[in-house]
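# Summary of structural features
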Amino acid sequence: MLKIKNLHASVEDKAILKGINLEVNPGEVHAIMGPNGSGKSTLASVIAGKEEYEVTNGDILFEDKNIEELAAEERAHKGIFLSFQYPVEIPGVSVTNFMKTAINETRKAKGLEEMPANEMLKLIREKSELLEIDRKFLSRSLNEGFSGGEKKRNEIFQMAMLEPKLAILDETDSGLDIDALRIVANGVNKLKSKDNAVIVITHYQRLLDYIVPDFVHVLHNGRIVKSGTKELAHELEEKGYDWIKQELV
Ligand SMILES: Nc1ncnc2c1ncn2[C@@H]1O[C@H](COP(=O)(O)OP(=O)(O)O)[C@@H](O)[C@H]1O
Ligand SMILES: [Mg+2]
């Protein structure tokens, strides 16, 4: 699904990613860990196509097509979802209405008509039940006064509604209480299927107690310096990132 080959990327002429290789197949959950500043969010942004980041070398293939020339929006329409770390508040626009617009925009980009209202309602009902999101929440203004947990609930709901092929969740962890962690993890676990894939980015191992990844990669100084299975996350928790740094010396 996603193949990243020798990816180098920079921001404001500063090289951040220095040769990333990563392959993600349908049905897989990958965790990307690493110390602060190692380039985790940059990698997420580059995959999603954020403009500030410049790919200076290498390839990103999504479903065997090079996506480098595609704008972020076009990548989203192809099924790449990036959770936003700092969601905007839109007073007066409800969670539901925001979602309706997002879905219809995606459909429009694919040359489809707007989703009929009854179908939309059914989809909203189905997904909110799956994620145990109550009605009241759906009618609230987008992100207005949302707690950390509610922001996460909103993001996961968006992910559920859009049904991306590849979801990238960039979790800062700071301010993620246990409640929020569980919301993210439950969502990911429930939405996981053999056809979609998830990349979870996290600084701490904690989140991976709830989401069990198939693969764990450690990013350090713009490179993946170690890959393994979920045990690697535990090892990191135990030994800390210094262990990786020492091994590299
Ligand atoms: N928009 C940006 N402008 C300038 N520097 C950036 C920007 N985004 C990231 N960086 C720099 O890139 C490096 C990696 O950052 P980041 O990808 O956010 O790491 P992580 O998510 O692993 O903490 C840091 O040195 C950071 O300062
Ligand atoms: Mg980050």
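Residues numbered from 1 in each chain as written. Chains lettered and ligands numbered in written order. Predicted model: local features only at pLDDT ≥ 70, side-chain atom pairs only at ≥ 80, totals over all residues. Heavy atoms only, no water.

The protein chain appears in an unreviewed UniProt entry as Iron-sulfur cluster assembly ATPase protein SufC from Xanthomarina gelatinilytica.

Counting residues in each nonpolar core, the largest one holds 33 residues, and the members touching the most others are Phe 157, Met 161 and Ile 211. Those elements giving two or more residues to this core turn out to be helix H3 (95–109), helix H4 (117–130), helix H5 (135–138), helix H6 (148–162), strand E9 (166–171), helix H7 (178–191) and strand E10 (197–202). The greatest single-element share of this core, amounting to 6 residues, is contributed by H7. If near-sequence neighbours (up to four positions away) are discounted, Met 161 is found in contact with Met 99, Ile 103, Met 120, Leu 123, Ile 124 and Lys 127. Grouped together as the second largest cluster of nonpolar side chains are 28 residues, Leu 43, Phe 62, Ile 67 and Ile 168 included. (Core = buried A, V, L, I, M, F, W, Y, C linked by side-chain atoms within 4.5 Å. Buried < 20%, exposed > 50% of the residue type's maximum accessible area, 1.4 Å probe, protein only. Helix = DSSP H or I, 4+ residues; strand = E, 2+ residues; numbered from the N terminus. Contact = heavy atoms within 4.5 Å.)

All right, on to the pattern of salt bridges then. Working definition: two side chains of opposite charge can pair if their charged atoms are close together. On inspection of all chains with the given rule, the structure shows 10 salt bridges. Its salt-bridge partner being Lys 3, residue Asp 64 comes within 3.2 Å of it at the nearest N-O pair. With a gap of 61 residues between them, Asp 64 in the loop between strand E4 (53–62) and strand E5 (65–66) and Lys 3 in strand E1 (residues 2–11) connect regions that are remote in the sequence. Its salt-bridge partner being Lys 152, residue Glu 171 comes within 2.7 Å of it at the nearest N-O pair. (Salt bridge = Lys/Arg side-chain N within 4 Å of Asp/Glu carboxyl O.)

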